[in-house]
Amino acid sequence: FLFAVPIGLLTAFDVLLSNASLMFITVTFYTIIKTGALMWTLLWTVLLKLEALTFLKSAVITFICLGLSMASWGEIEFSTVGFLLVSGAGCMGGLRWALTQKLIETDKNCKDPFLVIYYVAFSSFMGMVP
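Residues numbered from 1 in each chain as written. Predicted model: local features only at pLDDT ≥ 70, side-chain atom pairs only at ≥ 80, totals over all residues. Heavy atoms only, no water.

## Let's talk about the overall build of the protein chain
When you go through the protein chain residue by residue, the secondary structure sums to six helices and zero strands. Along the protein chain, helices and strands appear, N-terminal first, in the series α-α-α-α-α-α. For the protein chain, the C-alpha atoms occupy an extent of roughly 50 × 45 × 20 Å along the three principal directions. Looking at the protein chain residue by residue over its 130 residues, the buried ones come to 37%. Restricting to contacts in the protein chain with at least 6 residues of sequence separation, those with at least 24 account for 82%. Total accessible area on the protein chain stands at roughly 8100 Å², and carbon and sulfur atoms take up 76% of it. (Helix = DSSP H or I, 4+ residues; strand = E, 2+ residues; numbered from the N terminus. Buried < 20%, exposed > 50% of the residue type's maximum accessible area, 1.4 Å probe, protein only. Contact = heavy atoms within 4.5 Å. Areas by Shrake-Rupley, 256 points an atom, 1.4 Å probe, with all protein chains shown as cover.)

## Brief notes about a nonpolar patch on the surface
On the surface, Val5, Leu9, Phe13, Val15, Leu16 and Met128 cluster together into a nonpolar patch covering about 440 Å² of accessible area. With five residues, the top contributor of residues to the nonpolar patch is helix α1 (residues 4-21). Relative to the helices and strands, phenylalanine 13 is located in helix α1. A relative accessible area of 36% places phenylalanine 13 in the partly exposed class. (Patch = residues over 30% accessible without salt bridge, like charges linked within 9 Å, V, L, I, M, F, W, Y side chains within 5 Å. Salt bridge = Lys/Arg side-chain N within 4 Å of Asp/Glu carboxyl O.)

## Things to note about the nonpolar core
Core analysis: the largest hydrophobic core is formed by ten residues, namely Phe3, Ala4, Ile7, Leu10, Leu95, Leu99, Leu103, Cys110, Val116 and Val120. Sorting the residues of this core by element identifies α1, α5 (80-106) and α6 (113-128) as the ones contributing at least two each. In this view, leucine 99 contacts Phe3, Pro6, Ile7, Leu10 and Leu48; residues no more than four positions away in its chain are not counted. Listed in part, the seven residues of the second largest apolar core include Ile25, Phe29, Tyr30 and Ile33. (Core = buried A, V, L, I, M, F, W, Y, C linked by side-chain atoms within 4.5 Å.)

## A short note on the packing of α1 against α5
Between α1 and α5, whose axes approach to 8 Å, the crossing angle comes to 160°. As judged from the angle between their axes, α1 and α5 are roughly antiparallel. Helix-helix and strand crossings are classified by hand; for α1 and α5 the assignment is left-handed. Touching Pro6, Ile7, Leu10, Thr11, Phe13, Asp14, Leu17, Ser18, Ala20 and Ser21 of α1 are Gly82, Leu85, Val86, Gly88, Ala89, Met92, Gly93, Leu95, Arg96, Leu99, Thr100 and Leu103, all from α5. Considered class by class, the residues forming the contact of α1 with α5 number 13 nonpolar, seven polar and two charged. (Axes fitted to C-alpha atoms, helices over the stretch in contact; angles between N-to-C directions. Parallel < 35°, antiparallel > 145°, perpendicular 65-115°, else oblique. Left-handed = near helix turned anticlockwise from the far one by under 90°. Nonpolar A, V, L, I, M, F, W, Y, C, P; charged D, E, K, R; others polar.)

Structure representation (structure tokens):
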């Protein structure tokens, strides 16, 4: 499958970057920033032509980003490295979900979510093995 290996590797990178970020930031800050994965998911679905960008979607994403900015503004223990790691994890997660949607739409054998997990699991495992 064209999408199965990249989806598995993106899953592995998402998990690895998320775990690494927790060495630099608090769980609360992680949760706030990880919510930005919604923004990345919409961006990737628009770039992959899975969704059309509308004013309403743009407004919702803008408000989410503003809320994230306000929530993280006063972070006492701000770490640029931790922020970049968790933002990268969100980006990987967004691309993973967009590619999963593309896989389900284009491959007739992947209509069952359990089959998708079956095809993606090995590459995800291999991406996490040191």
